[in-house]
Amino acid sequence: MPIAGPVEALLGVTLLGAFLVFLAPDEYAGKLATAVSLVPVAVSVWMYSVFDGAGNALLGGTLAFESDLGWVSLGRYDLAWQVGLDGISMPLLLLATVLTTLALVSSWTPIDERESQFYGLMLLMEASLIGVFTALDFFLWLVFWEAVLIPMYFLIGVWGGPRRKYAAIKFFVYTNVATLVMFVGFMALVFGLGDSISTFGMAEIAQALREGGNLSTLAGLAPADLRLVAFTLMFAGFAVKVPVFPVHTWLPDAHVEAPTPVSVMLAGVLLKMGTYALLRFNFTMLRETAEANAGIIVAFGVLSVIYGAMLALAQQDLKRIVAYSSISSMGYVILGLVAFTPHGFGGATFQMIAHGLISGLMFMTVGVIYNETHTRMVGDISGIADRMPWAVGIFVAAAFGYMGLPFMAGFAAEYLIFQGAFASTVIPAAPLVTAVGMFGIVVVAGYLLWAMQRTLFGEYSLATDYDVSRAPVHDVAPLVVLLALVIVLGVRPGLVYRMIQDAVNPLLHGGVVLW
Amino acid sequence: MAGAFDFVPAIAALPLLAFVIALFAGQYMPKRGAEAGIAATAGSLILSIWTALTVAGMTGSETFYNENLYTWVAGVADSAVTLRLGVLVDPLTALMLVIVSLIALLVHVFSLGYMNDEGETGLPRYYAGLGLFTASMLAFVFSNNILMAFMFFELVGLCSYLLIGFWFREDGPPSAAKKAFLVTRFGDYFFLIGVVGIFATFGTGLFAPVEAASGTMESFPHMAEMAIEESETFFGYGAQTWMTILGLLVLGGVVGKSAQFPLHTWLPDAMEGPTPVSALIHAATMVAAGVYLVARMYGFYALSPQALAVIALIGGFTALFAATMGVVKQELKQVLAYSTISQYGYMMLALGAGGYVAAVFHLTTHAIFKALLFLGAGSVIIAMHHNENMWDMGGLKDKMPVTYWTFLSGSLALAGIVPFAGFWSKDEVLFEALIHGVGTEGTLGAMFLLAYAMGLLAVFFTGFYTFRMVYLTFHGNARTDVARDPEPVRWNVKAPLAVLGIGAATVGLVNMAPVEKLTGLHIDFLHQWLDGPEEGGWPDALSTDLHHYEELLHNVPHVDPAYPIGGEQTTLIVSAALSLGLALGGVLLARSLYGVDEPVEHTDKLGGAKALLTHNYYQDESQVWLAQGVTVPLARAADKFDQGVVDGVVNGVSSVSLFTGSRFRRIQSGVVSNYAALMTLSLVLLLVAFVVLGGVA
């Protein structure tokens, strides 16, 4: 096996680019970083076009772009540099690289101090995200998982709004504590498995756990209890990242303080780390536990949908509205995952992509409006449609995308989730529970239509002292790209849904055990 | 050989193309995109007519078509449904395609006069909206499964939002647009649950069976029929109950889009949009979509007596309820808005009470005469310099004769005066409701009769408000300077009016069922159209024909006709005379009150009812209260709870730990590099601990 496969190339180029940008003068940093970030976009698009993975990475599937190198030995465990992609991680990798480039372009206008550091950190974060979605050894994965936090902390804490310190520390501590909780849960499983595993390969652990019977009693906990404890700890840990009610409160603070491009990354990609991990760990490794507790899990999902939407309804700050609506949208992912049906898993994974694009689009659009008006408060702006017609047009399109308009990606994702959840045999009273969760599609229309009516339409007025004019082309261009992607995926979900289905189906059938 | 059916997707694709052209190139075109829209809708009309002729068997090839054309989402696993887009063409589809593309074409032409000639700005956006609206509706019409229907149903909703809110610089239109989308979205929420439920139950959403290479793919109404026969259970419910639940869920979307009680409130507000848009919404697109959906899946509704009763009652009630509100309105378009709600009530009444042909007939005639009335109103509004208040008009009869005579034709049709189109269709609706009410046993029959009574009473109000409108607008003396010297309108306004005016007088000829029954002449063409040939042809292949529906109605909910007064002919004459008499009564009352030179308001005579009617029975207020008085405070409370309790706990935990851990101050430096170091350190410690422990275990 060659030492440097495409994944290593991706990581290497992005890291190298990050350091180059750190050293570059501020004037060129933005352009340089954007140019550098086009390489991972090109590489990941190429990887997508030649993608030949099959099945699920953890359940004996064939990995694409796999490398598995010995790394260090720790006690009797071998830690390995093990990376590769399956139909779940491939689309997420694409999402991360594409969204990073667009976020970098959207930074040109708002970021005007310490640019080289800003853009360097953004690339550093991209590298870590690439690692999160490709690593298949637990420790390797954990290193990337944690490494995402550090650039994020600085990006919020240095370039953020007035309360950036508070928001950054809250984000950092909250998610770190969550990681610790998750870590303890995972380690309990590793201890319980004892001799049945010899590496930290996620695939090996997943299959050991799914075969059942390998788990021994640990600290007085019978295997079944151990599973439950581990599941709970891991769920709690990942839930913070998603975020799921009631561990979501870091999110609005972080979003409101973060500069727009950082919000784009936060909502677009970072939240997906949580659902991705839930899918890989909780729902793949501990399937029986998840099924047995579906009633509780789905309650968290549906509660997040409705509660997040209600909170969004109460907000006056455009960014806060979008931030809370993310809680709502991610609640759908939980609903889909816990259904244990093909379209449930598939729709949930597709929703990660769809929401990544649409929330990125929403945040960027709000950012473009902010660039011109220097306010995000609903009551401060009115009737700007005349002054910035294209940006407003895209805002309207994005909002309808968020509301789940057919032929846009969000509808495909949500519909598949609903379809999967309705027919679930795992969720108690599945049709009813699904119907309750679906009410989110009404509330989302309520707050977005209201916000649009107040800010975009009516007579022009602005509370801040700025002259609103057409947004520059490089502000609008990323919006157009995102909107196009959202529509393409809405018309032809199969572009990614085919590989997603291929990777999630083994979750239901038990997968093929190759070793 | 390529036949008409190969081009059916183009019927929707052409206006879609016009949308793209108008949006991106409209500003460079002399008519700002209208050219593209007119060409596209004309093309759609030609293709639709070709399709209809093919369905009629006049081109010699197959007379029906049902194919899956595009796999939207392929379900890979066995248990995952595959979601497709496809085209279904049967006589109902063909009829509706012709109606929609005809109205859309006329509306485009009329818009040249109403929008271009009036110097409006933002026209590319306007024509793009019209194009997308038409495309969505046409695709909805030929959808061959319920998911595809839902998808285009939603796009129709989007277009109504864009067009109702066209004048976005004012306060009213954006608010009305929001309301239209939100209220219909509320209905669509139930519809979507229904769609998901239908797929989860049957694994398909096909309206009619498709012959595929792999064998016949059955339709869901057929599967439902079989399930009821075999008394299966679904999700813990008996087949009969479950079909009723699904049917009522889908009905939510119908009630929203077709503006039926209690989700009708968006429609009068939607008058904020440009008048040609109102014509399109009311006659052929959005509002018609709901009723069309019920007709499209009639084989499913015919299986559920409860659903039929609900449809009939909603219809009858809405017909009456909306008609009473139309009586007190001051503005021309407001009267028309309430008349639309009321007329769609009649269609629902007919569908519920087993009068499938009557409903489709009324849908057809209404499309013609309501488009006519709105365009006529648009002509008056141009003439009046965009003043819509009827009390500022008067005497326009002599100054705008084309508008007057065509408007009169539409009004006579709306009021249901013989021999105008509306008479024939409304009479058939009421007749069907009556005979099925009498013939059906038990509660269902009683419900039909109740709905019939409300529908019959509404005829009087319809005659009254329609002619109150006519007299106030066109008769008497001109009451303002503008009315004395109205702005003239051009050919692009008059031509569509003329086409529709003739239509409103004559479309009734397509189904003169009463004459047929009295004379024995076979002139009930629509009936024959929807019934199909006895042997072979589409009825056997698709089961979407009238004969099949009548069988279902007879076999499952036991809906049967009976003639209470003498035989069929006597009942027919009495029923027709009754509704015509009531309509004339309304017209004459309007004439005596308002058909004078200087009419005055008589609404005070209504006493306490006046306030109730002008406030629309406080329906709006109650819904606004639900939104602003209940939901918003609830959201605020949730926000308070979130900030105070949920986040409060988080902050509390952190401050407690800060307090108790104050001696660790030195490491709580807030510098992230320290945290990072600490994190790494703890990770290493954990690792070590784990190696040691792991080794022991």
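1. Description of the overall build of chain A
- Looking only at helices and strands, chain A has 21 helices and four strands in total.
- Over its C-alpha atoms chain A spans a radius of gyration of 22 Å, differing by no more than 12% from the 24 Å that the globule rule assigns to 515 residues.
- Judged by the C-alpha coordinates and their principal axes, chain A covers about 70 × 55 × 40 Å.
- Residue burial in chain A is summarised as follows: out of 515 residues, 67% are buried.
- Sequence-distant contacts in chain A: of pairs separated by 6 or more residues, those separated by 24 or more amount to 79%.

2. Looking at the overall build of chain B
- Along chain B, the regular secondary structure elements total 28 helices and six strands.
- Computed over the C-alpha atoms, the radius of gyration of chain B is 29 Å, within 12% of the 26 Å expected from 2.2 N^0.38 for a compact globule of 697 residues.
- Overall, chain B is about 100 × 65 × 55 Å in size when its C-alpha atoms are taken along their principal axes.
- By residue count, 59% of the 697 residues in chain B fall in the buried class.
- Considering only intrachain contacts with a sequence separation of at least 6, the fraction spanning at least 24 residues in chain B is 78%.

3. Focus: the packing of helix α4 (residues 123-142) of chain B against helix α5 (residues 146-164) of chain B
All names here are of chain B.
- Where α4 contacts α5, the two axes come as close as 8 Å, and the packing angle between them is 160°. As far as their axial angle goes, α5 and α4 are roughly antiparallel. For α4 against α5, the interelement crossing comes out left-handed. From α4, Gly129, Leu132, Phe133, Ser136, Met137, Ala139 and Phe140 reach across to α5, where they touch Ala149, Phe152, Phe153, Leu155, Val156, Cys159, Leu162 and Leu163.
- Grouping the constituent residues of the contact of α4 with α5 by class yields 13 nonpolar, two polar and no charged.

4. Side note on helix α3 (residues 89-107) of chain A
- Spanning 19 residues, α3 of chain A covers 27 Å between terminal C-alpha atoms, matching the ideal 27 Å at 1.5 Å per step.
- In terms of burial, α3 of chain A is largely enclosed, as 19 of its 19 residues are buried.

5. Topic: unusual backbone geometry
- Cis geometry is found at the peptide bond from phenylalanine 245 of chain A to proline 246 of chain A, where omega equals 5°.
- Along the polypeptide, proline 246 of chain A turns up in the loop between α9 (223-241) and α10 (250-257).
- Unusually for a residue other than glycine, histidine 374 of chain A sits at a positive phi of about 60°.
- Note on placement: histidine 374 of chain A falls in the loop between α15 (342-373) and β3 (381-382).
- Unlike most non-glycine residues, alanine 259 of chain B shows phi in positive territory, near 55°.

6. Some details on helix α17 (residues 421-439) of chain B
- Here α17 of chain B is 19 residues long and its end C-alpha atoms lie 27 Å apart, about the 27 Å a rise of 1.5 Å per residue gives.
- Buried residues dominate α17 of chain B, accounting for 17 of its 19 residues.

7. Observations regarding the interface of chain B and chain A
- Facing the 57 residues of chain B at the interface are 59 residues of chain A.
- At the level of secondary structure, the elements contributing two or more residues to the side of chain B that touches chain A comprise β1 (65-73), α5, α6 (172-202), α27 (619-660) and α28 (672-696) of chain B.
- Sorting elements by how many residues they give to the side of chain B that touches chain A places α6 of chain B first, with 14 residues.
- Per-class residue counts for the side of chain B that touches chain A are 38 nonpolar, ten polar and nine charged.

8. Focus: the environment of alanine 503 of chain A
Residues and elements named next belong to chain A.
- In this structure, alanine 503 sits in helix α21 (residues 494-509).
- Residue alanine 503 is classed as buried on the basis of its C-beta count, with 28 C-beta atoms lying within 10 Å.
- Measuring from C-alpha to C-alpha, the distance between alanine 503 and glycine 87 comes to 5.0 Å, with 416 residues separating the pair along the chain.
- Sequence-distant contacts of alanine 503, that is, excluding residues within four places in its chain, are made with Gly55, Asn56, Gly61, Asp86, Gly87 and Ile88.

9. Digging into the packing of helix α14 (residues 332-352) of chain B against α17 of chain B
All names here are of chain B.
- At a minimum axis distance of 9 Å, the contact between α14 and α17 shows a crossing angle of 35°. Considering the relative orientation of α14 and α17, their crossing is left-handed. Within the contact between the two elements, α14 uses Tyr346, Leu349 and Ala350 and α17 uses Lys426, Val429, Glu432 and Ala433.
- In the contact of α14 with α17, the residues fall into five nonpolar, no polar and two charged.

10. Some details on the pairing of strand β2 (residues 83-89) of chain B
Residue and element names in this part refer to chain B.
- Counting buried positions along β2 gives six out of seven residues, so the element sits mostly inside the fold.
- Pairing of β1 with β2 involves seven bridges; the strand directions are antiparallel. Within β2, the position partnered with tyrosine 65 by the bridge is valine 89.

11. Notes on the nonpolar core
- Core analysis: the largest hydrophobic core is formed by 484 residues, its most contacted members being Val338 of chain A together with Ile103, Ala284, Ile311 and Ala371 of chain B.
- The element best represented in this core is helix α15 (residues 356-383) of chain B, accounting for 20 residues.
- Residue contacts for valine 338 of chain A: discarding those within four places in its chain leaves Ala290, Ala294, Ile297, Val298, Gly301, Val426 and Ile427 of chain A.

12. Things to note about the environment of leucine 92 of chain B
All names here are of chain B.
- With respect to the secondary-structure elements, leucine 92 resides in helix α3 (residues 91-116).
- Residue leucine 92 is classed as buried on the basis of its C-beta count, with 25 C-beta atoms lying within 10 Å.
- In sequence terms leucine 92 and glutamate 211 are 119 residues apart; their C-alpha atoms lie 20 Å from each other.
- Setting aside residues no more than four positions away along its own chain, leucine 92 makes contact with Ala295, Arg296, Val360, Leu530 and Thr544.

13. Side note on the confidence of the model for chain B
- Overall, the prediction assigns chain B a mean pLDDT of 87, with 93% of residues at 70 or greater.
- Confidence over residues 663-669 of chain B falls short of pLDDT 50; this stretch has four contacts with residues more than four positions distant or in other chains.

14. Regarding the environment of lysine 170 of chain A
All names here are of chain A.
- One can find lysine 170 in helix α7 (residues 164-193).
- Sequence separation between lysine 170 and tyrosine 153 is 17 residues; the distance between their C-alpha atoms is 9.5 Å.
- With residues near it in sequence (within four places) discarded, lysine 170 still touches Trp250 and Asp253.

About the criteria used
- Residues numbered from 1 in each chain as written.
- Chains lettered and ligands numbered in written order.
- Predicted model: local features only at pLDDT ≥ 70, side-chain atom pairs only at ≥ 80, totals over all residues.
- Helix = DSSP H or I, 4+ residues; strand = E, 2+ residues; numbered from the N terminus.
- Rg over C-alpha atoms; globule rule 2.2 N^0.38 Å.
- Buried ≥ 20, exposed ≤ 12 C-beta atoms within 10 Å, placed from the backbone.
- Contact = placed C-beta atoms within 7 Å.
- Axes fitted to C-alpha atoms, helices over the stretch in contact; angles between N-to-C directions.
- Parallel < 35°, antiparallel > 145°, perpendicular 65-115°, else oblique.
- Left-handed = near helix turned anticlockwise from the far one by under 90°.
- Nonpolar A, V, L, I, M, F, W, Y, C, P; charged D, E, K, R; others polar.
- Expected span 1.5 Å × (residues − 1).
- Pairing = 2+ DSSP bridges.
- Core = buried A, V, L, I, M, F, W, Y, C linked by C-beta atoms within 7 Å.
- pLDDT = per-residue confidence, 0-100.

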